[in-house]
Structure formats: structure tokens, C-alpha cells
Amino acid sequence: MSHSEQQWDMQIQGHTTNISPGGSACALTLDPASIIQKVVSVKEARTLPRGSVVGDLHGGLTFTDAIATALEARSAGGWQEWKTSLGEIWTVIVLNR
């Protein structure tokens, strides 16, 4: 994961998301229900709206390599792990390009 020295506040599918780098991880606050868990094609990955959050509970392994690459091309921060208040660990990517 790469980190920068700034903080982002962004609106993601109706939920405010705060990403603030610090230490070895970013603090990411969002509603798990807003995470897109299925992307069926590279075309779909390329046409998702900016601000979308894509992810899964399986280390990103539910996405093909081609889809993961298309998503990575649209993200400045790449894949990140996010732990919910219930202890679930999501692997997510924020589409900001």
C-alpha cells in the first residue's frame, strides 16, 4: 500500500469517507453496504463512477487479474485493507481517477 502526506474527505455513494494516512495503515470509514463486491468485466471496471469503492472479504481474490488491473489504473491509492467495527477485514480500492 502506498500512502501520501495528505488527508482526503470524499463522498462515496452517499457516505462520507475519510482517508487519513498515519503509521502503517489508512483510516477508512464507510458503510460496508456501499462496497461494490462484484465486477464482471474490464469494461464495467472502466465505467464505474469516480468515488466508487470496490472490494471483498477475500483479499481481492474474487476479482480476475484483468479486472484488478483495470481497477488499479483508476486508483491513486491502490488496494487497502479496511477493518469494520465488527472485525471484518475488507480489501478495498477507491476509484478516484
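1. Observations concerning the confidence of the model for the protein
This prediction gives the protein a mean pLDDT of 81; 71% of its residues lie at or above 70. Across residues 1-24, where pLDDT falls below 50, the model places 52 contacts with residues more than four positions away in sequence or in other chains.

2. A short note on the packing of aromatic side chains
Within a pair of aromatic rings, the relevant descriptors are the distance that separates the centres and the angle that separates the planes. Evaluated as defined, the whole model comprises 1 aromatic pair. Note on Phe63 and Trp79: the rings are 5.9 Å apart at their centroids and 35 degrees apart in plane angle, and the pair reads as tilted. Highlighted residues: Phe63 in the loop between β4 (53-56) and α2 (65-73) and Trp79 in the loop between α2 and β5 (80-83), separated in sequence by 16 residues. By relative accessible area, Phe63 is classed as buried at 5%.

3. Some remarks on the nonpolar core
For soluble globular proteins, nonpolar side chains are generally found buried alongside one another. Counting residues in hydrophobic clusters, the biggest one holds 13 residues, and the most contacted among them are Val39, Leu48, Val54 and Leu71. At 4 residues, the largest contribution of residues to this core is made by α2. Each residue touching Leu48, except ones within four places of it in the same chain, is listed here: Ile36, Val39, Val54, Leu71, Arg74 and Leu95. In this structure, Leu30, Val53, Trp82 and Val92 belong to the second largest nonpolar core, which totals 7 residues.

4. Notes on the sheet that holds strand β6 (residues 89-94)
Sheet architecture is open: 3 strands sit in the order β4-β6-β5, paired in antiparallel fashion. This sheet does not close on itself; its edge strands, each paired only once, are β4 and β5. Along the sheet, successive strands turn relative to each other by an average axial angle of 40 degrees, direction set aside.

5. Some thoughts on the pairing of β6
For a regular strand, the rule is simple: side chains alternate between the two faces of the sheet. For β6, a buried count of 5 out of 6 residues is recorded, marking the element as mostly surrounded by other parts of the structure. Pairing between β4 and β6: 4 bridges, direction antiparallel. Note that in β6 the partner of Asp56 across the bridge is Thr91. The pairing of β5 with β6 spans 4 bridges and is antiparallel. Residue Glu81 lies in a different strand from β6, and its bridge partner there is Thr91. Here β5 folds back onto β6 in antiparallel fashion, the turn holding 5 residues, of which Gly87 has a positive phi close to 95 degrees.

6. Observations concerning the environment of Arg97
Relative to the helices and strands, Arg97 resides in the segment after β6. For the pair Arg97 and Arg50, spaced 47 residues apart in the sequence, the C-alpha separation amounts to 6.3 Å. Among all residues touching Arg97, those that are not within four sequence positions of it are Arg50, Ala73, Arg74, Ser75 and Ala76. One polar contact links the side chain of Arg97 to the main-chain carbonyl oxygen of Ser75, over a distance of 3.1 Å.

Rules used throughout
- Residues numbered from 1 in each chain as written.
- Predicted model: local features only at pLDDT ≥ 70, side-chain atom pairs only at ≥ 80, totals over all residues.
- Heavy atoms only, no water.
- pLDDT = per-residue confidence, 0-100.
- Contact = heavy atoms within 4.5 Å.
- Phe/Tyr/Trp six-rings, centres within 6.5 Å; stacked < 30°, edge-to-face > 60°.
- Helix = DSSP H or I, 4+ residues; strand = E, 2+ residues; numbered from the N terminus.
- Buried < 20%, exposed > 50% of the residue type's maximum accessible area, 1.4 Å probe, protein only.
- Core = buried A, V, L, I, M, F, W, Y, C linked by side-chain atoms within 4.5 Å.
- Pairing = 2+ DSSP bridges.
- Axes fitted to C-alpha atoms, helices over the stretch in contact; angles between N-to-C directions.
- Polar contact = N/O pair within 3.5 Å; in protein donor to acceptor, adjacent residues only side chain to side chain.

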